[in-house]
Amino acid sequence: MRRKVYAAVIAATLAVGMMGTSVMAETTASGETTFEYKTGGVGPIEPVDPGTEETSVNNWMVYFPKLVTLTDSNVETADTFTKGTDVTFTVKQKQPGTDGDEIKSDNIPSGITVEANVPNEEGNFPLTGSAGSATMQLGTFTTPHTVVTQTNNELGILTDGAGATQSGKAKISDNSGVVDGTTYSTNVIFTFTNPADESTV
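What counts as what
- Residues numbered from 1 in each chain as written.
- Predicted model: local features only at pLDDT ≥ 70, side-chain atom pairs only at ≥ 80, totals over all residues.
- Heavy atoms only, no water.
- Helix = DSSP H or I, 4+ residues; strand = E, 2+ residues; numbered from the N terminus.
- Buried < 20%, exposed > 50% of the residue type's maximum accessible area, 1.4 Å probe, protein only.
- Contact = heavy atoms within 4.5 Å.
- Polar contact = N/O pair within 3.5 Å; in protein donor to acceptor, adjacent residues only side chain to side chain.
- Pairing = 2+ DSSP bridges.
- Salt bridge = Lys/Arg side-chain N within 4 Å of Asp/Glu carboxyl O.
- Patch = residues over 30% accessible without salt bridge, like charges linked within 9 Å, V, L, I, M, F, W, Y side chains within 5 Å.
- Areas by Shrake-Rupley, 256 points an atom, 1.4 Å probe, with all protein chains shown as cover.
- Lys, Arg positive; Asp, Glu negative; His and termini not counted.
- Charge placed at Lys NZ, Arg CZ, Asp CG, Glu CD.
- Phe/Tyr/Trp six-rings, centres within 6.5 Å; stacked < 30°, edge-to-face > 60°.
- Lys NZ or Arg CZ within 6 Å of the ring centre and 35° of its normal.
- Core = buried A, V, L, I, M, F, W, Y, C linked by side-chain atoms within 4.5 Å.

**Thoughts on the environment of glutamine 93**
Link 1 in the chain: With respect to the helices and strands, glutamine 93 occurs in the loop between strand 3 (85-92) and strand 4 (112-116).
Link 2 in the chain: Owing to a relative accessible area of 2%, glutamine 93 belongs among the buried residues under this scheme.
Link 3 in the chain: With ten residues separating them in the primary sequence, glutamine 93 and isoleucine 103 have C-alpha atoms 5.1 Å apart.
Link 4 in the chain: Look past the residues within four positions of glutamine 93 in its chain and what remains in contact with it is Glu53, Glu54, Asn59, Trp60, Gly100, Asp101, Glu102, Ile103, Lys104 and Asn107.
Link 5 in the chain: Of note is the side chain of glutamine 93, whose polar atom sits 3.4 Å from the backbone oxygen of glutamate 102.

**Brief notes about the sheet that holds strand 8 (residues 165-174)**
Link 1 in the chain: One open sheet holds the six strands; their spatial order is 1-2-3-8-6-5, and the pairing between them is antiparallel. At either margin of the open sheet sits one strand with a lone partner, and together these are strand 1 (41-42) and strand 5 (125-128).
Link 2 in the chain: Inspection of the sheet shows strand 2 (residues 61-63) paired to strand 3 by three bridges, in the antiparallel sense. Considered in strand 3, the bridge of methionine 61 is made with lysine 92.

**Considering the pattern of salt bridges**
Link 1 in the chain: A full pass over the atoms with the stated rule returns two salt bridges.
Link 2 in the chain: Of the charged contacts, one joins aspartate 86 and lysine 169 as a salt bridge, the two residues approaching to 2.7 Å between their closest N and O atoms. You can see aspartate 86 sitting in strand 3 and its partner lysine 169 sitting in strand 8, a full 83 residues away along the chain.
Link 3 in the chain: The salt bridge partner of aspartate 99 is lysine 104, with a shortest N-O separation of 2.6 Å.

**Quick notes on a negative patch on the surface**
Link 1 in the chain: Taken together, Asp101, Glu102, Asp106 and Asp160 make up a surface patch of like negative charges.
Link 2 in the chain: By secondary structure assignment, the location of aspartate 160 is in the loop between strand 7 (154-158) and strand 8.

**Some points on the packing of aromatic side chains**
Link 1 in the chain: Counted under the stated rule, the structure contains six aromatic pairs.
Link 2 in the chain: When the ring of phenylalanine 89 is compared with that of phenylalanine 190, the centres are 5.1 Å apart and the planes differ by 80 degrees; the resulting orientation is edge-to-face. Separated by 101 residues along the polypeptide, phenylalanine 89 in strand 3 and phenylalanine 190 in strand 9 (residues 190-194) bring together distant segments of the chain. In terms of burial, phenylalanine 89 and phenylalanine 190 fall into one category: buried.
Link 3 in the chain: An aromatic cluster of three or more residues is present, and its members are Phe64, Phe89, Phe141, Phe190 and Phe192.
Link 4 in the chain: The ring of tyrosine 63 is capped by lysine 92, whose NZ or CZ atom sits 5.6 Å from the centre of that ring.
Link 5 in the chain: The residue whose ring lies beneath lysine 171 is phenylalanine 81, and the NZ or CZ to ring-centre distance is 4.8 Å.

**Focus: the nonpolar core**
Link 1 in the chain: Counting residues in hydrophobic clusters, the biggest one holds 28 residues, and the most contacted among them are Phe89, Val91, Phe190 and Phe192.
Link 2 in the chain: For this core, the secondary-structure elements that each account for two or more residues are strand 3, strand 4, strand 5, strand 6 (133-139), strand 7, strand 8 and strand 9.
Link 3 in the chain: Those residues within four positions of phenylalanine 89 in sequence are excluded, and the remaining contacts are Val62, Tyr63, Phe64, Val114, Phe141, Leu155, Leu158, Ala164, Thr165, Gln166, Phe190 and Phe192.

Here you go:
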């Protein structure tokens, strides 16, 4: 609803300017909008009631890299990830409890499932540039890392304790079509699910 009102205000302002009317230009109004910036993490938007930080099942936030750089040293045509680079995920409490932001089993009793939007069954993500092309693959949390595919698109599950930080892998699976000096990229959407409260972000 706000977008429609805002668009109407803009249209009205433009119309006044086009008609050459200056009377309305002297009238000003103001409104307040709250912007929230969370660095590097996503999680439920529901608030956490004070005093329930250690038990609330919506008191979690997953932090993950917003940019992963791959180089020629990460090229590996086999379905292994010995040359892959880490893609690390960490789950913490979004509202710190009595002992900081360490995630508790009550917050995520079934863990946080991490999935990727894989475009095909081979697990190849097309990387595009101004010329030529390349492909990338993602690997699971488990070692040895296996290729994440459209059918099996789960990287793994984040848990409390030692399992709160885990890493998948990313590698170049095919660079035969690249043109020297070109940068190739793609966007991967990760989904995080807490089965305890059926929330997905």
